[in-house]
Amino acid sequence: MTARIIDGNAIAEAVRADVARGVADLVASGRPAPKLAVILVGDDPASHVYVRMKERDAAAVGMESEAVRLAADVSHAEVLAHLRRLNDDPAVSGLFMQLPVPPQVDENEIIEAINPLKDVDGLTAASLGLLVQGKPIHTPATPTGVVEMLRREGIETRGAHVVIVGRSLLVGRPLALLMSDRSVNATVTVAHTGTKDLGAVTRQADILVAAMGVPRAITA
């Protein structure tokens, strides 16, 4: 089998171009540009990079953005108050909580407080429940990106055996649901660190997704 590199950067650029055209059409019709809001708590360097990238990409496609940056010692109540303000702001089209959060902030309560209509990360119980039913409003970004990469590369998924190594709510589980949806129509196996003979399971895959959060977990 000849190796084939999927250029994620090129795909991302094509997606941004598509989104930019959609935003321009929306504005041309007289509607305001969509606005993405994020709450960032603390000083985690990676989180700050991610938020800056989201602000950059929003600007690149003609969207508005608002980042609420809060100190690491902020109270849970204050974070919740900012979240509720963004929920109630009609100018905000979508919002998310940048994770992780400091220990005094209850991550689960904060996520569940997000209006499901604005839950662009698709992490609330309501969003995940709609995904299970095959009627999602928003789907988690990374799993959606995996499906989009396969689609744009013309990789056949119908009837394919997809093995996903990882079962997190951020990637593994929602990706399994997306892959098994009738629109993708794959047969899905979810493996993880507790799987017996992981190598034997992964060698059965037509499409293998490593989502364990561990570099080089999949070897020859």
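Structure: above.
A brief look at the structure comes next. (Residues numbered from 1 in each chain as written. Predicted model: local features only at pLDDT ≥ 70, side-chain atom pairs only at ≥ 80, totals over all residues. Heavy atoms only, no water.)

What follows is about the overall build of the protein chain. Helix and strand counts for the protein chain come out as 8 helices and 6 strands. Secondary structure elements in the protein chain, listed N-terminal to C-terminal, are α-β-α-β-α-β-α-α-α-β-α-β-α-β. Expected size for 220 residues packed as a compact globule is a radius of gyration near 17 Å; at 19 Å, the protein chain falls within 12% of this value. Viewed in the frame of its principal axes, the protein chain has a C-alpha envelope of about 50 × 45 × 35 Å. Burial statistics for the protein chain: of 220 residues in total, 34% are counted as buried. A separation of at least 24 residues holds for 68% of the contacts in the protein chain among residues at least 6 apart in sequence. Taking the average location of the 22 positive side-chain charges in the protein chain and that of its 26 negative ones, the two points are 6 Å from each other. (Helix = DSSP H or I, 4+ residues; strand = E, 2+ residues; numbered from the N terminus. Rg over C-alpha atoms; globule rule 2.2 N^0.38 Å. Buried < 20%, exposed > 50% of the residue type's maximum accessible area, 1.4 Å probe, protein only. Contact = heavy atoms within 4.5 Å. Lys, Arg positive; Asp, Glu negative; His and termini not counted. Charge placed at Lys NZ, Arg CZ, Asp CG, Glu CD.)

So, on to the sheet that holds strand E3 (residues 94–97). Within the open sheet, the 3 strands sit side by side as E2-E1-E3. Their pairing is parallel. Both outer strands of the open sheet, strand E2 (64–70) and E3, are each paired with one neighbouring strand and no more. Going across the sheet, the axis of each strand differs from the next one's by a mean of 15 degrees, ignoring polarity. Sheet topology places strand E1 (residues 35–41) next to E3; 4 bridges connect them, and they run parallel. Bridge pairing links Ile39 to Met97 in E3. Along the sheet face, helix H2 (residues 45–60) touches E1, E2 and E3 and points at about 160 degrees away from the line of E2. Most of the contacts of helix H3 (residues 76–88) go to E2, to which it runs at about 170 degrees, and overall it touches E1, E2 and E3. (Pairing = 2+ DSSP bridges. Axes fitted to C-alpha atoms, helices over the stretch in contact; angles between N-to-C directions.)

Within this structure, the stated rule accounts for 12 salt bridges. With a closest N to O distance of 2.3 Å, Arg21 and Asp18 form a salt bridge. Taken together, the residues Arg21 and Asp18, both in helix H1 (residues 8–28) and 3 residues apart, mark about one turn of the helix. For Arg152, the salt bridge goes to Glu148, with nearest N and O atoms at 2.5 Å. Here Arg152 and its partner Glu148 are both found in helix H6 (residues 141–152), 4 residues apart, which amounts to about one turn of the helix. Sharing partners across several salt bridges, the network here consists of Asp18, Arg21, Glu148, Arg151 and Arg152. (Salt bridge = Lys/Arg side-chain N within 4 Å of Asp/Glu carboxyl O.)

On to helix H7 (residues 172–180), then. When H7 is considered as a whole, its buried residues turn out to be Gly172, Pro174, Leu175, Ala176, Leu178 and Met179. Each element contacted by the buried residues of H7 is listed here: helix H5 (125–132), H6, strand E4 (161–165), strand E5 (187–191) and strand E6 (207–210).

So, on to the sheet that holds E4. Spatially, 3 strands are ordered E5-E4-E6 in an open sheet, and the strand pairing comes out parallel. Of all strands in the sheet, those with a lone pairing partner are E5 and E6, marking the two edges. On average, each strand axis in the sheet is tilted by 15 degrees relative to the strand beside it, whichever way the strands run.

This part is about the nonpolar core. Judged by nonpolar contacts, the single largest core of 17 residues is most densely connected at Ile39 and Val79. When contributions to this core are tallied by element, the ones reaching two or more residues are E1, E2, H3 and E3. Setting aside its immediate chain neighbours within four residues, Val79 contacts Ile39, Val41, Leu70, Val74, Met97, Val105 and Ile110. Grouped together as the second largest cluster of nonpolar side chains are 12 residues, Val162, Leu175, Ile207 and Val209 included. (Core = buried A, V, L, I, M, F, W, Y, C linked by side-chain atoms within 4.5 Å.)

This next bit is on the pairing of E1. E1 sits mainly inside the fold: 7 of its 7 residues count as buried. In the classification by handedness, the crossover that spans E1, the intervening H2 and the parallel E2 is right-handed. (Right-handed = clockwise from strand over helix to strand, strands pointing away.)

Turning our eyes to something else, we now look at the environment of Ala37. Following the sequence through the fold, Ala37 ends up in strand E1. We classify Ala37 as buried; its relative accessible area is 0%. Considered as a pair, Ala37 and Val165 are 128 residues apart in the sequence and their alpha carbons are 31 Å apart. Sequence-distant contacts of Ala37, that is, excluding residues within four places in its chain, are made with Glu66, Leu86, Val92, Gly94, Leu95 and Phe96.

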